[in-house]
Amino acid sequence: MTDEQKLRSAITNSGLKLQFIAKKLGISYQGLLKKMRNESEFKASEIQILSDLLHLHGTQRDSIFFASFVDK
């Protein structure tokens, strides 16, 4: 499962809408989609907000946002 698939799964499981999440992050819906597709990077503050919204902890958060750094 890719990082994007893991994040989309976590969002689906949370029941939150992408528009709501984008608003909480202070970015546009399109900006969120770009970040989810790895076309731009999430800021540390955005990762923290997403972790709180989606109830991501430890290895689950790391596997979504930091896997490409860990796998290298």
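Residues numbered from 1 in each chain as written. Predicted model: local features only at pLDDT ≥ 70, side-chain atom pairs only at ≥ 80, totals over all residues. Heavy atoms only, no water.

### Concerning the side chain of Lys35
Thought 1: With respect to the helices and strands, the residue Lys35 is situated in helix H3 (residues 29–36).
Thought 2: Once residues lying within four places of it in the same chain are set aside, the contact partners of Lys35 are Ile27, Ser40, Glu41, Phe42, Lys43 and Glu46. (Helix = DSSP H or I, 4+ residues; strand = E, 2+ residues; numbered from the N terminus. Contact = heavy atoms within 4.5 Å.)

### Let's talk about helix H4 (residues 44–54)
Thought 1: Inspection of H4 places Glu46, Ile47, Leu50, Ser51, Leu53 and Leu54 among the buried residues, and these make up the whole buried set. Summarising the axial view, the buried residues of H4 lie within an arc of 165 degrees, below the 170-degree limit, and thus occupy one face.
Thought 2: Just beyond H4, the residue with positive phi is His55, at close to 55 degrees. (Buried < 20%, exposed > 50% of the residue type's maximum accessible area, 1.4 Å probe, protein only. Arc of directions from axis to C-beta.)

### Comments concerning the nonpolar core
Thought 1: Leu7, Leu32, Phe42, Leu54 and Phe65 are the most contacted members of the largest nonpolar core, which totals 17 residues.
Thought 2: Those elements that provide at least two residues to this core are helix H1 (3–14), helix H2 (18–25), H3, H4 and helix H5 (58–65).
Thought 3: In terms of residue count, H2 provides more of this core than any other element does, 4 residues in total.
Thought 4: In this structure, Phe65 is in contact with Leu7, Phe42, Ile47, Leu50 and Leu56, ignoring residues within four places of it in sequence. (Core = buried A, V, L, I, M, F, W, Y, C linked by side-chain atoms within 4.5 Å.)

### With respect to the pattern of salt bridges
Thought 1: Enumeration according to the criterion identifies 4 salt bridges in this entry.
Thought 2: A salt bridge links Glu46 to Lys35, with the shortest nitrogen-to-oxygen separation between them at 2.9 Å. A residue pair is termed long-range when its members are at least 10 positions apart, and Glu46 in helix H4 and Lys35 in helix H3 qualify at 11 residues. One exposure class covers both Glu46 and Lys35, and it is buried.
Thought 3: Between Asp62 and Arg61 there is a salt bridge, and its shortest N-O distance comes to 3.1 Å.
Thought 4: The partly exposed category is assigned to Arg61, whose relative accessible area is 27%. (Salt bridge = Lys/Arg side-chain N within 4 Å of Asp/Glu carboxyl O.)

### Here's the deal with H3
Thought 1: Turning to H3, its buried residues number three or more, namely Gly31, Leu32, Leu33, Lys35 and Met36.
Thought 2: The secondary structure elements touched by the buried residues of H3 are H1, H2 and H4.
Thought 3: Asn38 sits one or two residues past H3 and shows a positive phi near 65 degrees.

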